[in-house]
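# Per-entry structural report
Take a look at the letters that make up each chain.
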Amino acid sequence: MSHASKAVVLAILLGLLAASGVQALDANGQLENPVLQERFEHIAKDLRCLVCQNESIADSNAQLAGDLRRQVREMLVAGKSDDAIYQFMTDRYGEFVRFSPPLEAKTVLIWGAPFIMLLLGALIIFRVVRHRSRMPLDDEPSPGPL
Amino acid sequence: MWKFLLPFVAFVLLVVLFAFGLSPKRDIHALPSPLIGKAAPQFALTEVVDPSRIVSNADLKGQVYVLNVWGTWCVECRVEHPALLAIAQQKVVPIIGIDWSIDHGLDERDKAKNWLQQLGNPYTDVAFDKEGRTVIDWGVTAAPETFLVDGHGKVLYKYISAINDEVWQREFLPRIAAARRAGA
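Residues numbered from 1 in each chain as written. Chains lettered and ligands numbered in written order. Predicted model: local features only at pLDDT ≥ 70, side-chain atom pairs only at ≥ 80, totals over all residues.

## Quick look at the sheet that holds strand β7 (residues 155-160) of chain B
All names here are of chain B. Short version of the rule: Two strands pair if DSSP finds at least two bridges between them. We count a stretch as a helix when DSSP gives it H or I for four or more residues in a row; a strand needs E for two or more, and each element gets its number in order from the N terminus. Here an axis means a line fitted to C-alpha atoms, over the contact stretch when the element is a helix, while the angle between two N-to-C directions is reported on a 0 to 180 degree scale.
With respect to topology, 5 strands assemble into an open sheet ordered β5-β4-β3-β6-β7, the strand pairing being mixed. Each edge of the open sheet is held by one strand with a lone partner, namely β5 (125-129) and β7. Sheet twist, expressed as the average angle between the axes of neighbouring strands with direction ignored, equals 20 degrees. Here strand β4 (residues 95-100) runs beside β5; their pairing, made up of 5 bridges, is parallel. Note on β5: the bridge partner recorded for G97 is V126.

The structure is reproduced here in C-alpha cells:
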C-alpha cells in the first residue's frame, strides 16, 4: 500500500474513531493520557488480528482490527484494567486472540517447552562428551614412516 | 539395544505427529468459538429494511433460531445466499440476519436493501450493525458466520464460511431436533 493510500485509510479510521465517541484522542490519534496510550500500545501488540492471523491489531489494517482497537481505547478511557480488557477479548475470541497466553495449567507446556528442550539438549551433549572422552585419541602419532 | 530402538521410536512419534498435524481434515484456521454452550450475546439494533423497527434476540426467547452474519461487501455471502433462501423455504427456524457495516458506513443499509430486493430475502429480520459492536460481541472474525441458538438463549453451534444444504442437513438439523426434544 502506498503512503498516500495509507494516510487516507488512517484518516478514515481516525475520523471513524472520532465519530464513534472516543473523545480522548489528540491530533495524532493517540490517547491524550500518555499512560493510557502506553497501555493501549502494549495491549494492541498482544492481541491477534483474527482476519490476518499473524498480525497484531496494532499492525493490521483490517477493519475488524480497527474496531478492536477502538474497543480497547474505549475500555481504557472507561478505566478498565488490562485484565478486564484481555478477558473481554478472550470471552469473545478465545485464548487464540492473545499472542502471549497467560501462564496456567493448560499453557504450562507452551511456556515450559523451551526449558525442556534446553534440558534435553544439555543431556545429549553431556552424554556425547562423556562417551567421547572415554574413547582413545584418534590422532596418536603413526607407528612409523610409511 | 535402546540405541537402535530410540531412532525408531522417534520416527514413529514423528509419523503420528505429522499424520495429525498435516491431516487434510484438520483446518488450522478453524477457531473453536468460546461462545458455544454460553448465553448468546444480546443485541437490539434497527432493522435494515424498516429502520423504525428494533430487532432484538430478547424477542426470540423460547425459540430455536439461526443467526447469520453477512455484508454486501462479502463475496462468500453472495455465494451462500441461494442456500440460505432454500433453507428459509423449509421454515424450520427463524433466520435472523446481522448486516455488518464493516466500514461503519450508512450506505451499507441501502446496499443491503438492494441485495435483498434483487436476490430475495431469506431472513425473518435483519439487524443493521453499523458500528460493528454486535459483531465483536459474537466473536465474529469474518463473514459469513452462522450461529445456532436454542430456546434458552444458549449458543449451540457456529459455522464459519458459506453455509450450504449439506452443512445444513449434517450440522444444523440434528442439533435443532435435539434442542427441541430437550424442550429448548
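Resuming the write-up.
## Considering the environment of R180 of chain B
Residue and element names in this part refer to chain B. Quick note on the threshold: Exposed residues have 12 or fewer other C-beta atoms within 10 Å of their own C-beta, buried residues have 20 or more, and partly exposed residues fall in between, where C-beta atoms are placed from the backbone.
For R180, the location among the structural elements is in helix α5 (residues 165-181). Here R180 falls in the partly exposed class, since 14 other C-beta atoms lie within 10 Å of it. Sequence-wise, R180 and G151 are 29 residues apart; in three dimensions their C-alpha atoms are separated by 8.3 Å.

## Considering unusual backbone geometry
Residues and elements named next belong to chain B. Geometrically, the link from A143 to P144 is a cis peptide bond, its omega value of -5 degrees lying close to zero. Relative to the helices and strands, P144 resides in the loop between α4 (133-137) and β6 (145-149). Of note, the phi angle at K91 is positive, near 50 degrees, even though the residue is not glycine. In this fold, K91 is placed in the loop between α2 (75-89) and β4. Taking the C-beta count within 10 Å as the criterion, K91 has 8 such neighbours and is therefore assigned exposed.

## A word on the pairing of strand β3 (residues 65-70) of chain B
Residue and element names in this part refer to chain B. Definition in use: The handedness rule is simple: strands pointing away from the viewer, and a clockwise path from the first strand over the helix to the second, make the crossover right-handed.
Burial analysis of β3 places 5 of its 6 residues in the buried class, which makes it a mostly covered element. Judged from the 5 bridges that link them, β3 and β6 form a sheet pairing that is antiparallel. Following the sheet pairing, N68 is matched in β6 by T146. The parallel pair β3 and β4, bridged by α2, forms a crossover whose chirality is right-handed.

Scope: geometric values only; no functional claims are made or implied.
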